[in-house]
Amino acid sequence: MARPLATFLRSSTFRLSLFYVALFFLSVGALLAFIYVQAIATIDRETEQGTMVDAAALIQEYSAQGIAGLIDAVEDRVAPDRAGEGLYLLEDEDGAPLAANIHAWPNAEPDARGWIAFTVDRDDGPHQARGQTYALKDGSKLLVARDLRARLDFQGLMLDALYYASALTLVLGVGGGLLISRRMLNRLGAINRAAERIMTGDLTHRIATSGSNDEFDRLSDALNAMLEEIRRLMSGMRTVTDNIAHDLRSPLTRMKGRLEMLLREAPDSEAQRLAIERTIGDADQLLATFTALLSIADAESGSARATMTALDLGALAADIVDLYGPAAEERMIAMLYDEGQGTVVGSRQLLFQALANLVDNAIKNTPDGGTISLAVERRAGEVRLVVADTGTGIPEPDRDRVLEPFVRLDNSRSTPGSGLGLALVAAIARLHGAKIELSDNRPGLSVSLVFPSAG
Ligand SMILES: Nc1ncnc2c1ncn2[C@@H]1O[C@H](COP(=O)(O)OP(=O)(O)OP(=O)(O)O)[C@@H](O)[C@H]1O
Ligand SMILES: [Mg+2]
């Protein structure tokens with residue numbers, strides 16, 4: 001479970017959505033912060049202006065009506081039925097209150113613009129306030145201020161809203177991002193799985209589309225069209241190769257038959273006999289090549305899939321040892337097989353052919369008195385079939401190349417063969433989902449076919 005999660009977190013869709021979530025979060029945050037700062041500034045400005053207009057009206061009253069008029073005006077404002085945010089304190093020159101809803105002159109220094117910030121005790125506890133003080137001509141002092149409780153409450157509400165909105169944005173953003181990237185990854189995963197299935201040889205498989213005609217559908221359609229074209233070309237080529245091999249086989253067989261007849265009817269000279277024998281040998285070689293080509297085409301077409309069953313590679317190897325034992329013995333090559341067991345799902349006929357090709361190569365490339373060892377090992381979900389010899393071996397740089405059709409190394413020029421044996425082994429391995437590994441047996445070659453185990 002850990003691996004798919006890690007893969008998911010490393011995926012570019014997830015990173016992209018994470019990036020968008022961050023961007024989204026930052027822009028929403030910036031927008032909210034802007035609204036917050038603007039709202040607070042507006043309220044502050046209005047409170048300030050309200051205070052100043054109120055104070056100007058009172059000073060005006062004082063100029064027109066004197067201290068008595070001012071006392072009336074302040075008393076009017078502090079009347080219980082008008083109690084609002086306005087705070088007032090009018091004191092005479094001795095500091096005795098003349099009219100007020102604040103009980104004591106605040107002990108605060110005015111700022112550069114003449115504003116003082118202070119705390120007043122009200123019924124429900126201390127409130128913050130802000131206002132201006134005025135020294136009047138007759139020695140009395142006036143304080144006009146505003147209770148900031150409502151403004152601070154509003155600020156608290158705004159801040160709460162800001163936090164909740166940010167948290168919600170983050171949750172929605174991350175949730176949405178996860179959902180979107182999961183969806184994208186699922187679609188990509190489906191395409192990937194289809195591609196893997198096609199690569200194992202099922203060229204008729206197609207990528208499913210969702211029917212929404214989105215980018216993924218269009219990508220799938222394009223890939224499907226490409227696959228169809230490849231399948232068409234390949235089946236065309238296969239038909240041509242198959243037909244050539246097929247059609248040439250019959251006349252070749254007839255030619256060989258006639259040559260054999262000629263040989264039996266006692267040729268005129270030894271030279272003629274030798275020529276006929278060599279021609280028969282060439283015809284055999286050609287027939288073997290055609291047969292091998294047809295077998296490769298057959299393995300690659302995947303038609304053998306229908307007849308695959310669970311079978312024991314150990315038993316198959318034992319049969320091969322029986323079959324090739326005499327040929328090896330003739331050249332004093334020891335054929336060792338340490339009986340093993342390993343079940344795979346496969347075509348018995350093709351696997352037999354592959355193993356025969358490997359043993360045939362080993363015998364051809366091992367000097368008299370050498371050793372060929374076979375082994376079937378089962379470990380951690382795989383079955384390993386190994387054919388190792390003490391022959392000439394294949395140099396590292398040639399090990400991939402020899403798996404291709406018609407590739408024969410220089411030291412094999414003198415032995416008969418068409419260079420198709422390993423190509424057929426490779427095609428059969430591919431059909432069975434097996435890996436083919438060539439390694440140094442010091443001396444000699446070791447070929448391993450690694451199959452997925454079938455239990
Ligand atoms: N066991 C081996 N030791 C050394 N060289 C090998 C061995 N098996 C294969 N080779 C080299 O790889 C080449 C390709 O092998 P492959 O089986 O495809 O062709 P071939 O044996 O020459 O011909 P064919 O198998 O068609 O009769 C061989 O020509 C040989 O040079
Ligand atoms: Mg061979």
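Above this note sits the structure.
Residues numbered from 1 in each chain as written. Chains lettered and ligands numbered in written order. Predicted model: local features only at pLDDT ≥ 70, side-chain atom pairs only at ≥ 80, totals over all residues.

### A word on the sheet that holds strand S9 (residues 371–379)
Formally: A pair of strands is considered paired only if DSSP assigns at least 2 bridges between the two. To qualify as a helix, a DSSP run of H or I must reach at least 4 residues; to qualify as a strand, a run of E must reach at least 2; elements of each kind are numbered from the N terminus. As a rule, the C-alpha atoms of each element are fitted with a line to give its axis, helices using only the stretch in contact, and angles between N-to-C directions run from 0 to 180 degrees. Placing C-beta atoms from the backbone, we regard two residues as in contact once those atoms come within 7 Å.
Spatially, S7-S9-S10-S12-S11 is the arrangement adopted by the five strands of the open sheet, whose pairing is mixed. Each end of this open sheet is capped by a strand with a single partner; those strands are strand S7 (334–338) and strand S11 (435–440). Within this sheet the neighbouring strands show an average axis-to-axis angle of 15 degrees, counted without direction. By the bridge criterion, eight bridges tie S9 to strand S10 (residues 382–389) in an arrangement that is antiparallel. Directly across from serine 373, in S10, lies its bridge partner alanine 388. Contacts from helix H6 (residues 313–330) reach S7, S9 and S10 within the one sheet, and its direction differs from that of S7 by about 165 degrees.

### Looking at the site of ligand 1
Using the following cut-off: Using a C-beta atom placed from the backbone, a residue is scored as near a molecule or strand whenever that atom is within 6 Å of it.
Surveying the vicinity of ligand 1 reveals 23 residues, the closest of which are Asn361, Asn365, Leu409, Gly417 and Gly421. Counting residues per element, the shell around ligand 1 draws most heavily on helix H7 (residues 348–365), which supplies four residues.

### Quick look at the nonpolar core
Going by this rule: Residues of type Ala, Val, Leu, Ile, Met, Phe, Trp, Tyr and Cys that are buried and joined through C-beta atoms within 7 Å form what is called a nonpolar core. Our exposure labels follow a C-beta count within 10 Å of each residue's own C-beta, placed from the backbone: buried means 20 or more other C-beta atoms, exposed means 12 or fewer, and partly exposed covers the counts in between. Domain start and end points were adopted from an automatic or database domain assignment.
Of all hydrophobic cores here, the largest spans 44 residues; its most connected members are Leu424 and Ile428. Of all elements in the fold, only helix H5 (270–301), H6, H7, S9, S10, helix H8 (421–431) and strand S12 (445–452) reach the threshold of two or more residues within this core. Counting residues per element, this core draws most heavily on H8, which supplies nine residues. Mapping this core onto the domain boundaries places at least three of its residues in each of domain 2 (215–300) and domain 3 (303–452). With near-sequence residues (within four places) excluded, leucine 424 lies in contact with Ala292, Ser295, Ile296, Ala299, Gln353, Ala354 and Asn357.

### As for the pairing of S9
Where a strand is regular, its side chains alternate between the two sheet faces. For S7 and S9, the ladder comprises five bridges, and the chain directions are parallel. Within S9, the position partnered with tyrosine 337 by the bridge is leucine 374.

### Overview of the pairing of strand S4 (residues 125–135)
Bridging between strand S3 (residues 115–122) and S4 involves eight bridges; their strand directions are antiparallel. Residue pairing in the sheet places threonine 119 in a bridge with glutamine 128 of S4. Hairpin connection from S4 to strand S5 (residues 141–147): five residues lie between these consecutive antiparallel strands, with glycine 139 at a positive phi of about 95 degrees.

### Re unusual backbone geometry
Cis geometry marks the peptide bond from arginine 442 to proline 443, where omega comes out at -5 degrees. Assignment of secondary structure puts proline 443 in the loop between S11 and S12. In this structure, alanine 380 is a non-glycine residue whose phi angle is positive, near 25 degrees. By secondary structure assignment, the location of alanine 380 is in the loop between S9 and S10. The backbone of phenylalanine 406 shows a phi angle near 65 degrees, a positive value even though the residue is not glycine. Here phenylalanine 406 lies in the loop between S10 and H8.

### Considering the environment of phenylalanine 290
Along the polypeptide, phenylalanine 290 turns up in helix H5. Its 22 C-beta neighbours within 10 Å are what place phenylalanine 290 among the buried residues. Excluding anything up to four places from it in sequence, phenylalanine 290 contacts Ala245, Leu248 and Arg249.

### Notes on the packing of H6 against H7
The criterion, for reference: Note on convention: near helix rotated counterclockwise from far helix by under a right angle means a left-handed crossing. Clockwise means right-handed. By the convention adopted, Pro, Cys, Tyr, Trp, Phe, Met, Ile, Leu, Val and Ala count as nonpolar, Lys, Arg, Asp and Glu as charged, and the other residues, Gly among them, as polar.
In contact at an axis separation of 10 Å, H6 and H7 are set at 35 degrees when each is read in the N-to-C sense. Crossing angle aside, the handedness with which H6 passes H7 is right-handed. Contacts between H6 and H7 involve Leu316, Ala317, Ile320, Tyr324, Ala327 and Ala328 from the former and Leu351, Phe352, Leu355, Ala356, Val359 and Ile363 from the latter. Here the residues of the contact of H6 with H7 sort into 12 nonpolar, no polar and no charged.

### Some details on the environment of glycine 421
Within the secondary structure, glycine 421 is located in helix H8. In this view, glycine 421 contacts Asn357, Asp360 and Asn361; residues no more than four positions away in its chain are not counted.

### Description of helix H2 (residues 12–78)
Just so we agree on the cut-off: Any helix carries an expected span of 1.5 Å times its number of residues minus one. Take the seven residues that end at a residue and the seven that start at it, fit an axis to each, and the angle between those axes is the bend at that residue.
Over its 67 residues, H2 runs only 67 Å from end to end, short of the ideal 99 Å by more than 12%, given 1.5 Å per residue. At glutamine 65, H2 shows its largest bend, some 135 degrees. All of the buried residues in H2 are Ser17, Thr51, Leu58, Tyr62, Leu70 and Val74. In this structure, the buried side of H2 is in contact with strand S1 (86–91), strand S2 (97–100), S4, S5 and helix H3 (149–199).

### Regarding the sheet that holds S1
With respect to topology, five strands assemble into an open sheet ordered S2-S1-S5-S4-S3, the strand pairing being antiparallel. Strands with a single pairing partner mark the edges of an open sheet, and in this sheet they are S2 and S3. For this sheet the average axis-to-axis angle between neighbouring strands, irrespective of direction, equals 25 degrees. Along the sheet face, H2 touches S1, S2, S4 and S5 and points at about 145 degrees away from the line of S5.

### Points about the packing of helix H4 (residues 215–264) against H5
Rule in force here: Throughout, the term roughly parallel applies to angles under 35 degrees, roughly antiparallel to angles over 145, roughly perpendicular to angles from 65 to 115, and oblique to all others.
One can describe the packing of H4 onto H5 by two numbers: an axis separation of 9 Å at closest approach and a directional angle of 155 degrees. What the angle tells us is that H4 and H5 run roughly antiparallel. At the point where H4 passes H5, the crossing takes the left-handed sense.

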